[in-house]
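# Observations on the model geometry
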Amino acid sequence: MPHPDLNLLVTLDVLLTEGSVARAARRLRLSPSAMSRALARLREVMGDPLLVRAGRGLVATPRALELRERVGQLVQDAEAVLRPVETLDLKRLVRTFTLRNRDGFVENFGPDLIARIGEQAPGVRLRFVLKPDKDSTPLRDGSVDLETGVVGKATGPEVRAQALFRDRFVGVVRMGHPLCEAAITPARYAAGRHILISRRGLDRGSIDDALEPLGLTREIVTVVGGFSEALALARASDLIASVPERYTGNLRDGLFCFPLPVLLPEITISLLWHPRLDADPAHRWLRGCIRDVCTEHSHRSVAPV
């Protein structure tokens, strides 16, 4: 079956609205003969005369009367689809966005982000969920609108990413810990009792790889899945946690922090989203809010460690 000429819907809508070939022709800027041919085409396609002569005018057939409102709505819907997106009215926007992040993001950036959103778009709600892995399925299936993290091999190739800030790992212990008493050398650091952070439950990480060429190994006492757990343990014991500095800023309040005495590459925290939301005005606005909040945080002076 050949595809119907959808342009005929516009012609039919105008003909049924005007009830006159001449007026319909003027409205569509066609000649009367061209409009008459279009009406003949419609009659042939639809198997109905649609408009029939009654004295000096035309009257609609029952089929035409049945279709009048439906056709008009179809044309309006099609025009709305093809119309450029209107300016986003943030004050009237009502929407819930789901953001997936590792622990630390909400504690550090959440208050400023929520305040900014509430001021600009009071009808918008943010739903924060924890990020247990780097699988991009939640972005693909739409259960997550945005996420933050380090781009890795498990990140879907189609996922869009924009850098938010660079971060470095620092060591963290409780105030009064023996490490606070003198310069922290690789040997003193490695001799302590450590917390390993691994979402996959691994028994070593990049710090162990950096210590190995120095002939050093560290004692890993426990393995946890998140930064909050590691810092809670460090706060209440003599264990050493090693965490990203900017990402865990507020979580480290009241703890002693120091630069790691081994060389580790910085990491880049990025904003990730699926390309189908690239042009969505509300989504673009939210991405801008997150970027602005993270930029403001990165410009604040970081306390010396």
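Scroll up a little and you will see the structure.
Attention here is on the structure that accompanies the text. (Residues numbered from 1 in each chain as written. Predicted model: local features only at pLDDT ≥ 70, side-chain atom pairs only at ≥ 80, totals over all residues. Heavy atoms only, no water.)

## Some words on the pattern of salt bridges
Our working rule: In the sections that follow, a salt bridge refers to a side-chain nitrogen of Lys or Arg positioned within 4 Å of a carboxyl oxygen of Asp or Glu. Helix and strand assignments follow DSSP, with helices taken as H or I runs no shorter than four residues and strands as E runs no shorter than two, numbered in order from the N terminus. Partly exposed describes any residue whose relative accessible area lies between the buried limit of under 20% and the exposed limit of over 50%, with all areas from a 1.4 Å probe on protein chains only and scaled to the type maximum.
For the structure on display, the rule yields 18 salt bridges. The partner of Arg166 in a salt bridge is Glu266, with the nearest N and O atoms 3.0 Å apart. Here the residue Arg166 occupies a position in strand S6 (residues 160-167), and Glu266 occupies one in the loop between strand S11 (256-259) and strand S12 (267-273), the gap between them amounting to 100 residues. The class of Arg166 is partly exposed, set by a relative accessible area of 47%.

## Considering the nonpolar core
If you look at soluble globular proteins, the nonpolar side chains tend to sit buried side by side. Condition: Among the buried residues, those of types Ala, Val, Leu, Ile, Met, Phe, Trp, Tyr and Cys that are joined through side-chain atoms within 4.5 Å form a nonpolar core. Residues are treated as being in contact if the distance between any of their heavy atoms lies within 4.5 Å.
Among the nonpolar cores identified, the biggest contains 40 residues, and Trp285, Leu286 and Ile290 are the most heavily contacted of them. In terms of residues, this core owes the most to one element, helix H10 (residues 281-299), which gives seven residues. Apart from residues no more than four positions distant in its own chain, Leu286 is found in contact with Phe97, Leu99, Ile117, Leu126 and Leu146. In this structure, Leu12, Met35, Ala64 and Val71 belong to the second largest nonpolar core, which totals 18 residues.

## Description of helix H9 (residues 227-235)
Under the convention used in this document: As used here, the arc belongs to the directions running from the helix axis to the C-beta atoms.
For H9, the set of buried residues is Phe227, Ala230, Leu231 and Ala234. The buried residues of H9 occupy an angular sector of 95° when the element is viewed end-on, so they sit on one face. Structurally, H9 contributes buried residues whose contacts are with strand S7 (169-173), strand S8 (193-197), strand S9 (219-224) and strand S10 (241-244).

## Section: the pairing of strand S1 (residues 51-54)
Note the following rule: Two strands pair under a simple rule: DSSP has to find at least two bridges between them.
Bridge analysis of S1 against strand S2 (residues 57-60) gives four bridges, and the strand direction is antiparallel. Residue Ala54 lies in a different strand from S2, and its bridge partner there is Gly57. Between S1 and S2, which follow one another and run antiparallel, lie two residues, and Gly55 among them has a positive phi close to 70°.

It is worth stressing that arrangement in space is one thing and function is another; only the former is reported here.
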